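Results of the structural survey
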Amino acid sequence: MSAWLETVVAERREWAAGLVTLKLAGELEAFEAGQWANLSLDIDGTRERRAYSLASAPCAPPELFVALVPGGRFSPRLFELRAGAAISVEKKPQGFFTLRWLPEARDLWLVATGTGLAPFVSMLRAGEVFQKFERVVLVHGVREPSHLAYRDELAKTPTVSVPVVSRDPTAQGVLHGRVTTLLASGELERAAGLTLSPEHSHIMLCGNPEMITEMTTALDARGLRRHRQRRPGHVTVESYW
């Protein structure tokens with residue numbers, strides 16, 4: 001039996017230039033919200049594969065949140081796909097960026113930049129996160145307001161949403177700046193109405209590696225250390241690219 005699902009794009013939604021959601025036909029094997037799957041395309045006669053986090057809830061058709069990387073080999077071809085286009089996806093998702101591996105905490109902070117939002121969309125759609133934590137804060141940092149994908153859908157969940165825009169000072173209903181500087185200034189916590197603390201908080205970070213490095217360093221200075229199974233802590237990260 002093949003480990004790959006040979007499928008097609010069922011639906012394509014373009015949020016902004018260079019930012020798209022692709023929904024695929026069919027279903028994958030059972031997986032946990034937050035995991036990723038390998039995709040495969042034929043590119044110039046070569047079979048290429050890349051890993052992408054799933055935005056879909058478990059048992060739902062696979063959904064991908066894709067940013068175009070200019071000059072890249074895989075994402076431009078992926079971005080070109082329209083409804084009906086063929087694509088292969090590995091049937092068994094993988095990864096440890098899931099709720100299963102988190103320690104107990106009162107508050108969960110989900111902090112993403114760009115398409116790093118995908119695994120958090122999966123978690124919020126699955127709903128288990130609201131049973132495990134008393135309060136859930138979603139921080140999504142982007143450059144432009146149009147990049148705040150899934151915003152309307154996620155607003156309907158019992159989540160404290162903190163959208164952050166870095167390049168449009170006129171944007172309404174958002175914080176302005178970078179996620180890291182807003183953490184340093186205290187604006188992030190004021191907007192959420194919660195304090196990040198070792199006693200009550202766990203933070204999941206996904207997105208730009210620079211954001212993850214800077215956030216991890218800043219949180220460590222406040223006593224919120226990296227979480228490891230042999231040394232439980234407060235910060236879980238996903239190496240997104």
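Before going into details, it helps to say that this report is about the structure given with it. (Residues numbered from 1 in each chain as written. Predicted model: local features only at pLDDT ≥ 70, side-chain atom pairs only at ≥ 80, totals over all residues. Heavy atoms only, no water.)

Quick look at the overall build of the chain now. Summing up its helical and strand segments, the chain has 7 helices and 12 strands in all. For the chain, whose C-alpha radius of gyration is 18 Å, the value lies close to the compact-globule estimate of 18 Å for 241 residues. In terms of overall dimensions, the chain has a C-alpha envelope of 50 × 45 × 30 Å along the principal axes. In the chain, which comprises 241 residues, the proportion classed as buried is 51%. Sequence separation of at least 24 residues holds for 66% of the intrachain contacts in the chain that already meet a minimum separation of 6. Summed over its atoms, the accessible surface of the chain is roughly 11600 Å², and 50% of this surface lies on carbon and sulfur atoms. Of the side chains in the chain, 28 bear a positive and 27 a negative charge, and the two mean positions are spaced by 2 Å. (Helix = DSSP H or I, 4+ residues; strand = E, 2+ residues; numbered from the N terminus. Rg over C-alpha atoms; globule rule 2.2 N^0.38 Å. Buried < 20%, exposed > 50% of the residue type's maximum accessible area, 1.4 Å probe, protein only. Contact = heavy atoms within 4.5 Å. Areas by Shrake-Rupley, 256 points an atom, 1.4 Å probe, with all protein chains shown as cover. Lys, Arg positive; Asp, Glu negative; His and termini not counted. Charge placed at Lys NZ, Arg CZ, Asp CG, Glu CD.)

This structure, assessed with the given rule, holds 5 aromatic pairs. Centre to centre, the rings of Phe-65 and Tyr-150 are 5.4 Å apart; their planes meet at 90°, and the pair counts as edge-to-face. In this pair, Phe-65 sits in strand β5 (residues 63-67) while Tyr-150 sits in the loop between β8 (135-142) and α4 (151-155), placing the two residues 85 residues apart along the sequence. You can call Phe-65 buried: its relative accessible area is 2%. With a relative accessible area of 3%, Tyr-150 lands in the buried category. An aromatic cluster is present here, built from Trp-15, Phe-65 and Tyr-150 joined pairwise through their rings. Over the aromatic face of Phe-79 sits the side chain of Arg-12, whose NZ or CZ is 5.1 Å from the ring centroid. (Phe/Tyr/Trp six-rings, centres within 6.5 Å; stacked < 30°, edge-to-face > 60°. Lys NZ or Arg CZ within 6 Å of the ring centre and 35° of its normal.)

On to the nonpolar core. Counting 26 residues, the largest nonpolar core has Leu-110, Leu-117, Phe-120 and Tyr-150 as the members making the most contacts within it. Counting residues per element, the ones that place at least two in this core are β7 (107-113), α2 (118-126), β8 and β11 (201-207). With 5 residues, α2 is the largest single contributor of residues to this core. Beyond its immediate stretch of four places on either side in the chain, Phe-120 contacts Phe-97, Leu-110, Val-111, Ala-112, Leu-138, Met-204, Leu-205 and Cys-206. (Core = buried A, V, L, I, M, F, W, Y, C linked by side-chain atoms within 4.5 Å.)

Okay, the environment of Pro-61 next. Locating Pro-61 in the fold gives a position in the loop between β4 (46-53) and β5. Relative accessible area serves as the criterion here: at 43%, Pro-61 is assigned to the partly exposed category. Taking C-alpha positions, Pro-61 is 10 Å from Leu-22, a pair spaced 39 residues apart along the chain. In this structure, Pro-61 is in contact with Leu-24, Gly-26 and Ser-56, ignoring residues within four places of it in sequence.

Our focus in this paragraph is the sheet that holds strand β2 (residues 19-24). Strand order in the open sheet formed by 6 strands is β4-β3-β6-β1-β2-β5, and the pairing between neighbours is antiparallel. If you trace the sheet from one side to the other, it starts and ends with β4 and β5, each paired once. Shown here is a sheet whose adjacent strand axes are inclined to one another by a mean of 40°, direction ignored. Sheet analysis places strand β1 (residues 4-16) next to β2, joined by 6 bridges and oriented antiparallel. Bridge pairing links Val-9 to Leu-24 in β2. (Pairing = 2+ DSSP bridges. Axes fitted to C-alpha atoms, helices over the stretch in contact; angles between N-to-C directions.)

So yeah, pure geometry; function would need other evidence.
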